[in-house]
Amino acid sequence: MSDEVNPFSSLQRQVEEAVQYVDVTEGMLQRLKSPERVLETNLTVEMDDGSTEVFTAYRSQFNGDRGPYKGGIRYHPDVNREEVKALSGWMAYKTAVAGVPLGGAKGGIVIDPSEYSESELERVTRSFATELRPLIGVDQDIPAPDVNTGQREMNWIKDTYETLENTTEPGVITGKAIENGGSEGRVEATGRSTVLAAREAFDYRDEDIADATVAVQGYGNAGWITAKLVEELGATVVAVSDSSGGIYDAAGLDPVAVKEHKRNTGSVVGYQGADDEISNDELLTLDVDLLVPAALGNVIDADLAGDVEADVISEAANGPITPDADDVLEGKDVIVIPDILANAGGVTVSYFEWVQNRQRFHWSEERVNDELESIIVDQFWNLVDAYESHDLPSFRVAAYVIALQRIDDAAEEFGPWP
Ligand code: NAD
């Protein structure tokens, strides 16, 4: 893994750049660059044929100065310690920039879930939940779904925890089914914050998002909801893509019809209402007003950034732009709304889920969406304020400045101990 793509190095580089503008001690800087603790465990699990297999799993608790640790659990063969550490740091900075009273964590198991039966996955998950039990809890650390995990895995973790603790504690996990204490609006939350932040960015540029042309890379949960909501604001979605390639139509695509086509065929490619098929790199370099990367990390590197023509980029995906590409985009005066604000809708509505669980009360979808809008809009303008008042190089640096300051302020209140 080269230094450039090692995600933990990227995280540390982002913190070091922002920390120049924040008054923190050297000791605090070290604290803000590394996780507080990382659990590494080897799960020995019985397979359906009676054999046993061992799976390495991690939980990184990056920072809990502002509240309980919060972050997803992913199942993927590429899960590794460095990536989990980086992702836990981004969660800590995301909850801080969103202003929700939570810390940051992330977990994962090195596994390709497609190769295992449901009962094997249940035993793997319950084994991990047993290892996690001393670390997690409604006031300690609250896991959530991530890549290749969903409501099913969260229900297994919650049930294991509740059984071992002899309690009912729905708030120990978020991302639950509504019937199990999940929140209205969670499924749309990430796309919604991506669009709300973009709407405010156009306002900042004295433009109206309704006049914008839009390209969206990735047509999963975050990408398709972004396309649908931005179109509802009057914008024209001219291009979308997925792992099979992209489609383009200057007159605009119908996001709902494209979603239907993907549901039927497995891809956006082949949709009859489009003019052209394009590659993912062509999509990222289209001359559009708004570009939304909503697929993978590191898709825009320094080379590709030189060809980016969008005026505003709203990062639905985590880490789609490499640090070197950021430098190129700064030189081109592109507004990049960083992932830790743009896609913070997901963790913000997870926070609402946790609040509702603690209240044992269910909010309406309208209330969830209204509360989310006011948080994203307020935090966007806080970011503008930091960017302008400190004359910062980018919105990303502004977001890290705000997050670092908020964590440092919280830590300063209690000081080091003993
Ligand atoms: P998803 O699995 O629902 O969708 C991912 C999409 O990306 C799919 O359409 C897939 O075909 C596409 N894709 C995969 N490889 C690609 C490639 N090489 N080129 C182009 N497209 C490719 O995932 P999601 O939940 O929509 O998440 C997308 C991104 O948003 C991830 O980076 C995720 O970490 C981030 N994110 C999601 C949430 C959330 O609540 N869903 C919250 C925060 C961040």
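Up top you'll find the structure we're talking about.
I will try to describe carefully the structure that is included in this document.

About the cut-offs
Residues numbered from 1 in each chain as written. Predicted model: local features only at pLDDT ≥ 70, side-chain atom pairs only at ≥ 80, totals over all residues. Heavy atoms only, no water. Core = buried A, V, L, I, M, F, W, Y, C linked by side-chain atoms within 4.5 Å. Buried < 20%, exposed > 50% of the residue type's maximum accessible area, 1.4 Å probe, protein only. Helix = DSSP H or I, 4+ residues; strand = E, 2+ residues; numbered from the N terminus. Domains from an automatic or database assignment. Contact = heavy atoms within 4.5 Å. Expected span 1.5 Å × (residues − 1). Polar contact = N/O pair within 3.5 Å; in protein donor to acceptor, adjacent residues only side chain to side chain. Pairing = 2+ DSSP bridges.

### With respect to the nonpolar core
Then step 1. With 87 residues, the main nonpolar core has Y93, V240, L290 and I337 as its most contacted residues.
Then step 2. In terms of residue count, the dominant contributor to this core is helix 15 (residues 395-414) (eleven residues).
Then step 3. Lining this core are residues from two domains, each supplying at least three of them: domain 1 (35-180) and domain 2 (189-342).
Then step 4. Aside from chain neighbours lying at most four places away, what touches I337 is A197, A198, A201, V312, I313, S314, E315 and A342.

### Some thoughts on helix 14 (residues 365-389)
Then step 1. Between the first and last C-alpha of helix 14 there are 36 Å, a value that for 25 residues agrees with the 36 Å anticipated at 1.5 Å per step.
Then step 2. Residues of helix 14 that are buried include every one of V368, N369, L372, I375, I376, V377, Q379, F380, L383, V384 and A386, and no others.
Then step 3. Buried positions along helix 14 lie against helix 3 (81-98), helix 6 (186-204), helix 12 (339-342), helix 13 (345-359) and helix 15.
Then step 4. At the exit of helix 14 stands D391, carrying a positive phi of roughly 50°.

### Here's the deal with the side chain of T41
Then step 1. Structurally, the position occupied by T41 is in strand 1 (residues 37-46).
Then step 2. A relative accessible area of 7% means that T41 is categorised as buried.
Then step 3. A distance of 3.4 Å separates the side chain of T41 from the side chain of E131, its partner in a polar contact.
Then step 4. Beyond its immediate stretch of four places on either side in the chain, T41 contacts F55, T56, A57, F128 and E131.

### Examining the pairing of strand 8 (residues 245-248)
Looking down a regular strand, the side chains alternate between one sheet face and the other.
Then step 1. As defined by bridge partners, strand 7 (residues 236-242) adjoins strand 8 across four bridges and the pair is classed as antiparallel. Across the sheet, the residue bridging to V240 is I247, located in strand 8.
Then step 2. Here strand 7 hands over to strand 8 after two residues, the two strands then running antiparallel side by side.
Then step 3. Examined bridge by bridge, strand 8 and strand 9 (residues 276-278) share three bridges and lie antiparallel to one another. The residue bridging Y248 from the neighbouring strand is D276, located in strand 9.

### Thoughts on the environment of E153
Then step 1. In this fold, E153 is placed in helix 5 (residues 151-165).
Then step 2. Along the backbone, E153 and F414 are 261 residues apart, and their C-alpha atoms lie at a distance of 36 Å.
Then step 3. Other than its neighbours up to four places away in sequence, E153 contacts Y75, T125 and N148.

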